[in-house]
Amino acid sequence: MASIKDYPAIFKFIKENEFLIDFQITNSSIGFREYMDMAIKNGGFIVDIVSDKIEGVSMYTIGTRVNNFSDTETGCIVLILLSPQKKAFGFITGLLSILHKMRSHDVRFVEFKVNEYQKKLIKLYTKFADVVGEQKNLAGNNSVLFYTPIDSIFNRLSHYADRIKKDII
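Remember, it's a predicted structure, so these values are computed and weren't measured experimentally.

Draft legend 1. The confidence of the model for the protein, seen in detail. When pLDDT is averaged along the protein, the result is 76, and 75% of the positions lie at 70 or above. Of all helices and strands in the protein, the one with the weakest mean pLDDT is strand β5 (residues 131-136) (58), whereas strand β2 (residues 53-62) scores best (85).

Draft legend 2. Looking closely at the pairing of strand β4 (residues 109-115). With five of seven residues buried, β4 lies mostly within the body of the structure. Relative to β4, strand β3 (residues 74-82) runs parallel, the two sharing four bridges. Within the sheet, the bridge partner assigned to G75 lies in β4 and is V110.

Draft legend 3. View of the pairing of strand β1 (residues 43-50). Pairing of β1 with β2 involves eight bridges; the strand directions are antiparallel. Residue pairing across strands places G43 opposite T61, the latter belonging to β2.

Draft legend 4. Quick look at the pattern of salt bridges. Considering all chains together, one arrives at two salt bridges under this definition. Here R103 ties to D151 by a salt bridge, and the two come within 2.9 Å at their closest N and O atoms. In this pair, R103 is assigned in helix α3 (residues 88-103) and D151 in helix α5 (residues 150-168), connecting sequence segments 48 residues apart. We classify R103 as partly exposed; its relative accessible area is 30%. Given the relative accessible area of 42%, D151 is considered partly exposed.

Draft legend 5. Fine view of unusual backbone geometry. At N68, a residue that is not glycine, the phi angle is positive and equals roughly 55°. Examined against the element boundaries, N68 turns out to sit in the loop between β2 and β3. If you check the backbone angles, F69 has positive phi at about 65° while not being a glycine. With respect to the helices and strands, F69 occurs in the loop between β2 and β3. By relative accessible area, F69 is classed as buried at 14%.

Here is what the cut-offs are and how they apply
- Residues numbered from 1 in each chain as written.
- Predicted model: local features only at pLDDT ≥ 70, side-chain atom pairs only at ≥ 80, totals over all residues.
- Heavy atoms only, no water.
- pLDDT = per-residue confidence, 0-100.
- Helix = DSSP H or I, 4+ residues; strand = E, 2+ residues; numbered from the N terminus.
- Buried < 20%, exposed > 50% of the residue type's maximum accessible area, 1.4 Å probe, protein only.
- Pairing = 2+ DSSP bridges.
- Salt bridge = Lys/Arg side-chain N within 4 Å of Asp/Glu carboxyl O.

What follows is the structure in structure tokens.
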């Protein structure tokens, strides 16, 4: 499990790979350390390390920032970023890990917010979650909100992971 001492390595990984999700967390209105602190204080983060090399970083919160994390029935996916070598199965298993952790906190709904220009993430999330619609985010850009019952997305992802596993074997 990663800790604060791993911030520099995690930051480096995100900076090198954030182009994959059409988003620059390192240049956003809320800074990288704030994202990490928010995830540690209100949820968690998962760092996928293979042979002493970071291969993925995921952050989530229990509750949403808009409601000062008091709406604990909702979990928010803050970031999922994998190295280019990871395939769809890595994304799915990482997301299932986050959902499993959220379920242990009695989260009933999962929220994803994606800026409208993040076409790759919109396409990916559309496969697994329900699109609620567009809204204005704090930066004034249109964003798409995905909000779905946790059991629904967990079941869909588990089924999808089983199909991919069969194709790999």
